[in-house]
Amino acid sequence: MRWQGGRRSSNIEDRRGSGFGRPLAVGGGAASLVVALLVMLLGGDPSDVQVGSRSPYSDPATGGSGRPVDPQQEELKDFVSVVLADTEDTWPGLLEPVGVRYVQPKLVLFSDAVQSACGAQQSAVGPFYCPGDQRVYLDLTFFNELESRFGAPGDFGRAYVVAHEVGHHVQNLLGTSQKVQSLRRRTSEEQANQLSVLTELQADCFAGIWARHAQQERDMLEPGDIEEGLGAASAVGDDTLQKRARGHVVPESFTHGSAAQRMTWFKRGLEQGTLEACDTFNARR
């Protein structure tokens with residue numbers, strides 16, 4: 001990606017090293033991702049994985065577990081700031097025709113654990129969006145896991161992750177998130193999972209919309225970038241994760257969609273670039 005000369009967002013909130021929470025039973029990184037995966041496969045919501053109560057802030061040079069903040073993350077922080085700024089330039093013009101004003105979300109960087117309006121969360125949940133405070137939460141170590149454990153390297157794969165979470169923010173502004181949550185409370189577990197899949201696939205499609213506009217209007221993409229994005233989408237497909245975890249797939253337990261579905265909807269947003277193209281809820285199966 002050609003990102004180094006891009007505008008930096010002013011909406012980055014850096015809480016790394018804030019000392020939130022007590023030392024975690026399972027730290028960030030690979031082990032915590034396994035915890036989240038196990039919770040998901042057991043039919044739970046990874047966002048339910050939480051930490052203990054807030055403790056006094058520790059040395060600002062260290063994280064909640066007492067580990068120093070990795071200085072090598074500073075380039076990743078810079079990169080995330082550019083991608084976030086580009087989403088800020090993309091979405092206002094797309095939402096204005098449907099009567100929605102784009103409110104810029106904050107992106108919170110954290111280490112190991114964080115307090116949000118959605119509760120206290122560990123890095124185990126992966127990147128997430130909280131509609132209660134309109135913030136995206138990201139532990140930058142997730143990008144290391146995306147590359148080393150799930151075989152999805154490259155700048156654009158990381159950009160896809162940020163754009164996907166911003167896609168959830170767009171859903172919140174459109175009122176989609178509220179409608180889905182209301183429906184989930186009135187349905188069976190399997191139906192609730194299907195609604196979650198449709199929500200995640202739409203966020204993938206919205207990430208594709210961002211990629212289309214980033215290329216058309218700002219020429220950010222380079223050869224191979226789209227393949228990196230598709231690789232990241234495939235790597236976090238429910239079937240891919242389930243096969244890695246236990247060797248077989250249980251489709252009724254999917255909450256994010258299969259690798260093929262995630263790639264398909266990302267490509268659809270990329271190719272068509274409209275909100276209408278991303279209506280996963282009314283699309284023919």
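One can find the structure itself at the top, above this paragraph.
Reference entry: report on the structure contained in this document.

Cut-offs used in this document
Residues numbered from 1 in each chain as written. Predicted model: local features only at pLDDT ≥ 70, side-chain atom pairs only at ≥ 80, totals over all residues. Heavy atoms only, no water. Helix = DSSP H or I, 4+ residues; strand = E, 2+ residues; numbered from the N terminus. Buried < 20%, exposed > 50% of the residue type's maximum accessible area, 1.4 Å probe, protein only. Polar contact = N/O pair within 3.5 Å; in protein donor to acceptor, adjacent residues only side chain to side chain. Contact = heavy atoms within 4.5 Å. Pairing = 2+ DSSP bridges. Phe/Tyr/Trp six-rings, centres within 6.5 Å; stacked < 30°, edge-to-face > 60°. Lys NZ or Arg CZ within 6 Å of the ring centre and 35° of its normal. Disulfide = S-S within 2.5 Å. Core = buried A, V, L, I, M, F, W, Y, C linked by side-chain atoms within 4.5 Å. Axes fitted to C-alpha atoms, helices over the stretch in contact; angles between N-to-C directions.

A closer look at the side chain of His 168
At step 1: Along the chain, His 168 falls in helix H4 (residues 155-174).
At step 2: Note on His 168: relative accessible area 10%, which makes it buried.
At step 3: Here the side chain of His 168 touches Glu 200 through a polar contact of 3.0 Å, side chain to side chain.
At step 4: Setting aside its immediate chain neighbours within four residues, His 168 contacts Tyr 129, Ser 177, Thr 199, Glu 200 and Ala 203.

Examining the pairing of strand S4 (residues 119-122)
At step 1: As paired elements, strand S3 (residues 113-116) and S4 share four bridges and run antiparallel to each other. Considered in S4, the bridge of Gln 115 is made with Ala 120.
At step 2: Hairpin connection between S3 and S4: a loop of two residues separates the two successive antiparallel strands.

Notes on the packing of aromatic side chains
Aromatic rings in a pair are described by how distant their centres are and how their planes are angled relative to each other.
At step 1: In the structure shown here, the tally under the stated rule is seven aromatic pairs.
At step 2: Here the aromatic rings of Trp 91 and Phe 206 are separated by 5.4 Å at their centres, their planes lie at 70°, and the arrangement is edge-to-face. Taken together, the residues span a long stretch of sequence, with Trp 91 in helix H2 (residues 73-95) and Phe 206 in helix H6 (residues 189-218) at a distance of 115 residues. Here the two residues Trp 91 and Phe 206 agree in accessibility, since each one is buried.
At step 3: Judged by centre distance (5.9 Å) and plane angle (15°), the ring pair of Phe 156 and Trp 210 falls under stacked. Note that Phe 156 is positioned in helix H4 and Trp 210 in helix H6, a separation of 54 residues in sequence.
At step 4: Overall, Trp 210 belongs to the buried group, its relative accessible area being 1%.
At step 5: An aromatic cluster of three or more residues is present, and its members are Phe 156, Tyr 160, Trp 210 and Phe 266.
At step 6: The ring of Phe 79 is capped by Arg 158, whose NZ or CZ atom sits 6.0 Å from the centre of that ring.

What about the state of the cysteines?
At step 1: Scanning the model with the defined rule gives two disulfides in all.
At step 2: Between the sulfur atoms of Cys 118 and its disulfide partner Cys 130 the distance amounts to 2.1 Å. Disulfide Cys 118-Cys 130: the torsion about the S-S bond is 100°, which places it as right-handed. Residue Cys 118 is located in the loop between S3 and S4, and its partner Cys 130 is located in strand S5 (residues 128-130); the two are separated by 12 residues in the primary sequence.
At step 3: Here Cys 118 falls in the partly exposed class, since its relative accessible area comes to 35%.
At step 4: Taking relative accessible area as the criterion, Cys 130 reaches 0% and is therefore assigned buried.

Observations concerning the nonpolar core
At step 1: With 49 residues, the main nonpolar core has Trp 91, Phe 143 and Trp 210 as its most contacted residues.
At step 2: Those elements that place two or more of their residues in this core are H2, strand S2 (106-109), strand S6 (135-138), helix H3 (141-148), H4, H6, helix H7 (225-235) and helix H9 (259-272).
At step 3: When sequence neighbours within four positions are dropped, the list of residues in contact with Trp 91 reads Tyr 102, Val 166, Val 170, Phe 206, Ile 209 and Leu 275.
At step 4: Within the second largest apolar cluster, seven residues are counted, among which are Val 108, Phe 110, Phe 128 and Tyr 137.

Some thoughts on the sheet that holds S5
At step 1: Sheet architecture is open: four strands sit in the order S1-S2-S6-S5, paired in mixed fashion. Where the open sheet ends on each side, the last strands, each with one partner, are strand S1 (12-14) and S5. Between one strand and the next, the sheet's axes are offset by a mean angle of 25°, whatever the strand orientation.
At step 2: Here three bridges tie S5 to S6, and the two strands are oriented antiparallel to one another. Bridging across to S6, Phe 128 finds its partner in Tyr 137.

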